[in-house]
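So you can see what is in the structure, the chains are spelled out below.
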Amino acid sequence: MSADEPIQIVAYDPAWPERFEEERVNLQAAIGDWVLGGIHHVGSTAVTGLEAKPIIDILVGVESLAASRPCLARLVPLDYHYAPYRTNEMHWLCKPDPSRRTHHLHLVPVGSRRFCDELAFRDYLRAHAETAREYGQLKRALAARLGRDREAYTESKADFIRAVLDSAPHH
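Figured I'd write up the structure that's included with this text. Since the model is a prediction, treat every value here as computed from it, not as a measurement.

**Describing the packing of aromatic side chains**
In the structure shown here, the tally under the stated rule is four aromatic pairs. When the centroid spacing of 5.1 Å and the interplanar angle of 85 degrees are considered together, the rings of Phe121 and Tyr135 count as edge-to-face. Remark: Tyr135 occurs in helix α5 (residues 129-146) and Phe121 occurs in helix α4 (residues 113-127); sequence separation between them is 14 residues. As far as the burial class goes, Phe121 and Tyr135 line up, both buried. When the ring of Tyr135 is compared with that of Phe160, the centres are 5.2 Å apart and the planes differ by 20 degrees; the resulting orientation is stacked. Taken as a pair, Tyr135 in helix α5 and Phe160 in helix α6 (residues 150-167) lie far apart in primary sequence, 25 residues in all. Overall, the relative accessible area of 3% leaves Tyr135 in the buried class. For Phe160, a relative accessible area of 19% puts it in the buried group. Three or more aromatic residues joined by ring pairs form one cluster here, namely Phe121, Tyr135 and Phe160.

**Regarding the side chain of Asp117**
With respect to the helices and strands, Asp117 occurs in helix α4. Of the polar contacts made by the side chain of Asp117, one reaches the side chain of Arg162; its length is 3.3 Å.

**Some thoughts on the pairing of strand β4 (residues 91-97)**
Along β4, six of the seven residues are buried, which leaves the element largely enclosed by surrounding structure. Here β4 runs beside strand β5 (residues 100-109); their pairing, made up of seven bridges, is antiparallel. Note that in β5 the partner of Cys94 across the bridge is His104.

**Observations concerning the sheet that holds β4**
The strand order across the open sheet formed by five strands is β1-β2-β5-β4-β3, and the pairing between neighbours is mixed. Every other strand in the sheet has two partners, leaving β1 (39-42) and β3 (81-83) as the edge strands with one partner each. Strand-to-strand twist across the sheet, computed as the mean angle between neighbouring axes with direction ignored, equals 30 degrees. As paired strands, strand β2 (residues 56-62) and β5 are joined by seven bridges and run parallel to one another. Bridge pairing links Val62 to Pro109 in β5. Helix α1 (residues 16-31) contacts β1, β2, β4 and β5 of the sheet and is inclined by roughly 155 degrees relative to β1.

**Quick word on the environment of Ala168**
The residue Ala168 is located in the segment after α6 in this model. Take Ala168: its relative accessible area is 7%, and that puts it in the buried class. For Ala168 and Asp117, which are 51 residues apart along the polypeptide, the C-alpha to C-alpha distance reads 9.7 Å.

Parameters and conventions
- Throughout this description, residue numbers start from 1 for each chain and increase along the sequence as written.
- In keeping with the model being predicted, local features are shown solely for residues with a pLDDT of at least 70 and side-chain atom pairs are shown and tallied solely at 80 or more, while totals for entire chains, interfaces and linings include all residues.
- Hydrogens and waters are ignored; side-chain quantities use all the structure's heavy atoms.
- Pairing of aromatic rings covers Phe, Tyr and Trp, the last through its six-membered ring, and needs centres within 6.5 Å; plane angles under 30 degrees mean stacked, over 60 mean edge-to-face, and all others mean tilted.
- Helix and strand assignments come from DSSP, with helices taken as H or I runs of at least 4 residues and strands as E runs of at least 2, each series counted from the N terminus.
- Residue exposure (1.4 Å probe, protein chains only): buried if accessible area is under 20% of the type maximum, exposed if over 50%, otherwise partly exposed.
- Here a polar contact is recorded for every N or O atom pair within 3.5 Å, except that within protein the pair must consist of a potential hydrogen donor and a potential acceptor, and residues adjacent in sequence are included only if both atoms are side-chain atoms.
- In this description, strands pair whenever DSSP reports at least two bridges between them.
- Lines fitted to C-alpha atoms define the axes here, with helix axes fitted over just the stretch in contact, and angles between the N-to-C directions of these axes take values from 0 to 180 degrees.
- Here, residues are in contact when the closest pair of their heavy atoms is within 4.5 Å.

Without other data, these values stay purely geometric and don't point to any function.
Rendered as structure tokens:
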């Protein structure tokens with residue numbers, strides 16, 4: 001994954017849910033035949049009040065990675081670019097460009113651990129404002145320390161995310 005842009009954490013933007021909804025409609029029209037488990041707004045932009053990178057994270061539940069591969073071509077006209085990242089868990093795409101992202105798209109098999117975890121983490125933060133606030137503080141500190149190293153930034157959040165998932169009700 002490209003590390004051209006520095007990691008930027010910004011205050012919550014009430015326009016984020018609208019941006020997701022606009023994209024959900026476009027995705028449903030383009031790849032609806034492959035959508036099995038819904039199109040979900042996930043990540044920090046999906047949690048009201050939580051500071052975040054200003055990138056809309058979208059989770060799409062699909063039957064399997066192999067069965068959903070043909071829909072990747074349908075995402076090109078929407079400006080999505082496929083990037084091989086965690087290829088055993090998902091098809092990962094970004095829009096409009098790996099160096100300047102506005103959206104991340106995860107096509108993930110329904111029922112997989114990743115699919116369940118992304119929804120569970122979002123739901124826990126939505127329901128627990130104090131935990132969401134702590135997560136926001138962690139992300140700001142990591143962004144300040146790690147600058148452009150997105151991989152280290154993501155890895156450095158893993159322990160916090162795992163602790164939240166371990167305390168979340170099982171799905």
